[in-house]
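# Coordinates in review
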Amino acid sequence: EAQVTQNPRYLITVTGKKLTVTCSQNMNHEYMSWYRQDPGLGLRQIYYSMNVEVTDKGDVPEGYKVSRKEKRNFPLILESPSPNQTSLYFCASSTVAGVYEQYFGPGTRLTVT
Amino acid sequence: LAKTTQPISMDSYEGQEVNITCSHNNIATNDYITWYQQFPSQGPRFIIQGYKTKVTNEVASLFIPADRKSSTLSLPRVSLSDTAVYYCLVGERDGTASKLTFGTGTRLQVTL
């Protein structure tokens, strides 16, 4: 089954404790992206990657890092999480030609206390 | 990227047809119109995409007038499970896009 998986689905952590949210897709997609969703603000893009070893900032990259060492994986790293990073995070993937037809993961709900 | 405007919310009864209109006055020649559906606590899901006239799939229909300054997503005979947020997006489909810009969408509530 074609899908995007994220782990963990739920995470409660404390300020400053480094964490990684994993994202993996099995559709051989070149394009992958991370979004955060907050009430009243909609979905905002954090980082995206057009292919392996190619990443770029989205609209809200501050406080986040990403890497794309393999085509299927695109982890999101929070080096020093802060409470304002409490949010619902989504990973998505698509072909480069079909960025408007993205497949989204189930989401990771992160709470930073 | 063309800006889109949609109603914040809509209500419908089960079994009715629901039409959600999106305004995109500044749509560019190469832009396509794409709609996503998002259920609570789930990721958005691609529903339909079109350039002009009418597109239909197993989920919905998309009507686009000749001037392309608006579009209407039509959901036939909605059920309770169609309760979701629907997003209209406008942009190029040819590989030059790097991101999707989601607005706040239209929250559809279907009741018995």
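This report concerns the structure included in the present document. (Residues numbered from 1 in each chain as written. Chains lettered and ligands numbered in written order. Predicted model: local features only at pLDDT ≥ 70, side-chain atom pairs only at ≥ 80, totals over all residues. Heavy atoms only, no water.)

Moving on to the overall build of chain B. A count of helical and extended segments in chain B gives zero helices and nine strands. When the helices and strands of chain B are listed from N to C terminus, the series reads β-β-β-β-β-β-β-β-β. For 112 residues, the compact-globule formula gives about 13 Å, and the C-alpha radius of gyration of chain B, at 13 Å, lands near that figure. Seen through its C-alpha atoms, chain B measures out along the principal axes to roughly 40 × 30 × 25 Å. Burial statistics for chain B: of 112 residues in total, 43% are counted as buried. For chain B, the share of sequence-separated contacts (at least 6 apart) that also reach a separation of at least 24 residues comes to 57%. (Helix = DSSP H or I, 4+ residues; strand = E, 2+ residues; numbered from the N terminus. Rg over C-alpha atoms; globule rule 2.2 N^0.38 Å. Buried < 20%, exposed > 50% of the residue type's maximum accessible area, 1.4 Å probe, protein only. Contact = heavy atoms within 4.5 Å.)

The subject of this paragraph is the sheet that holds strand β4 (residues 45-50) of chain B. All names here are of chain B. Strands sit in the order β1-β9-β8-β3-β4 across an open sheet of five strands; the sheet is mixed. Each of the sheet's edge strands pairs with one partner strand only, and the pair in question is β1 (9-13) and β4. The mean angle between the axes of side-by-side strands here comes to 25°, regardless of whether they run parallel or antiparallel. (Pairing = 2+ DSSP bridges. Axes fitted to C-alpha atoms, helices over the stretch in contact; angles between N-to-C directions.)

With 21 residues of chain A at the contact, the number on the chain B side is 25 residues. Interface of chain A and chain B: buried area, both sides summed, is about 1800 Å²; carbon and sulfur atoms make up 53% of it. On inspection of chain A and its partner chain B, the count reaches zero salt bridges. Summed over the shared surface of chain A and chain B, the result is five residue pairs in polar contact (both at pLDDT 80 or more). Elements with a contribution of two residues or more to the side of chain A that touches chain B: β4 (31-38) and β5 (42-51) of chain A. In terms of residue count, the dominant contributor to the side of chain A that touches chain B is β5(A) (five residues). In terms of residue class, the side of chain A that touches chain B is made up of 12 nonpolar, six polar and three charged. (Buried area = accessible area lost by both parts, 1.4 Å probe. Salt bridge = Lys/Arg side-chain N within 4 Å of Asp/Glu carboxyl O. Polar contact = N/O pair within 3.5 Å; in protein donor to acceptor, adjacent residues only side chain to side chain. Nonpolar A, V, L, I, M, F, W, Y, C, P; charged D, E, K, R; others polar.)

On to the pattern of salt bridges. All names here are of chain A. Applying the stated criterion across every chain, the model contains four salt bridges over all chains. Arg 36 serves as the salt-bridge partner of Asp 38, at 2.9 Å between the closest nitrogen and oxygen. Residue Arg 44 is joined to Asp 38 by a salt bridge in which the shortest nitrogen-to-oxygen separation is 2.8 Å. Owing to a relative accessible area of 11%, Asp 38 belongs among the buried residues under this scheme. Among the ionic contacts, a cluster of salt bridges with common partners joins Lys 18, Lys 65 and Glu 79.

Residue and element names in this part refer to chain A. Summed over the entire model, instances satisfying the criterion amount to two disulfides over all chains. Cys 23 shares a disulfide with Cys 91; S-S distance 1.8 Å. Since a negative S-S torsion denotes a left-handed disulfide, the Cys 23-Cys 91 link at about -70° is left-handed. Of the two residues, Cys 23 is situated in strand β3 (residues 19-25) and Cys 91 in strand β9 (residues 87-94); the sequence distance between them amounts to 68 residues. Assessed through its relative accessible area of 0%, Cys 91 is described here as buried. (Disulfide = S-S within 2.5 Å.)

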